[in-house]
Amino acid sequence: MFDLIKQYYREGYYQKTDLDLFVNVGWITSEQETEILNNNPA
């Protein structure tokens, strides 16, 4: 699930608010959210 969310975030399908939701429902950890945000190309 993490890899798919990461890919979709990079492609612009998900936003930061979506990542927050995914953490809240337990699909990803807060550490994984940070990794996605830090690795996102500017």
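Our subject is the structure that appears above.
Treat the numbers as computed from the prediction; the structure is a model and nothing was measured.

Engineer: For the packing of helix α2 (residues 16-24) against helix α3 (residues 30-39), give the residues involved together with the corresponding values.
Structural biologist: What describes two packed helices is the angle between their axes and the distance between those same axes. Between α2 and α3, whose axes approach to 9 Å, the crossing angle comes to 160°. Judged by the inter-axis angle, α2 sits roughly antiparallel to α3. In terms of crossing hand, the pair formed by α2 and α3 is right-handed. Counted together, K16, L19, D20 and V23 of α2 and S30, E33, I36 and L37 of α3 form the full contact between these two elements.

Engineer: Tell me what's going on with the side chain of K6, and back it up with residues and numbers.
Structural biologist: On the secondary structure map, K6 appears in helix α1 (residues 2-11). Sequence-distant contacts of K6, that is, excluding residues within four places in its chain, are made with E35, I36 and N39.

Engineer: Quick rundown of the side chain of E33? Include the residues and the values.
Structural biologist: Take E33: it is sitting in helix α3. Overall, E33 belongs to the buried group, its relative accessible area being 9%. A distance of 3.1 Å separates polar atoms of two side chains, one belonging to E33 and the other to K16. Leaving out residues up to four positions away in the same chain, E33 has contacts with K16, L19, D20, V23 and I28.

Engineer: Please provide a residue-by-residue account of the pattern of salt bridges, values included.
Structural biologist: By the definition in use, this model includes three salt bridges. We note a salt bridge from K6 to E35, for which the minimum N-O separation is 3.1 Å. Separated by 29 residues along the polypeptide, K6 in helix α1 and E35 in helix α3 bring together distant segments of the chain. Salt-bridge contacts for E33 lead to K16; the nearest nitrogen and oxygen are separated by 3.1 Å. With E33 in helix α3 and K16 in helix α2, the pair connects residues that are 17 residues apart, well separated along the chain. Where salt bridges share partners, they join K16, D20 and E33 into one cluster.

Cut-offs and rules
- Residues numbered from 1 in each chain as written.
- Predicted model: local features only at pLDDT ≥ 70, side-chain atom pairs only at ≥ 80, totals over all residues.
- Heavy atoms only, no water.
- Axes fitted to C-alpha atoms, helices over the stretch in contact; angles between N-to-C directions.
- Helix = DSSP H or I, 4+ residues; strand = E, 2+ residues; numbered from the N terminus.
- Parallel < 35°, antiparallel > 145°, perpendicular 65-115°, else oblique.
- Left-handed = near helix turned anticlockwise from the far one by under 90°.
- Contact = heavy atoms within 4.5 Å.
- Buried < 20%, exposed > 50% of the residue type's maximum accessible area, 1.4 Å probe, protein only.
- Polar contact = N/O pair within 3.5 Å; in protein donor to acceptor, adjacent residues only side chain to side chain.
- Salt bridge = Lys/Arg side-chain N within 4 Å of Asp/Glu carboxyl O.

Remember that the coordinates give geometry; whether it matters functionally is a separate question.
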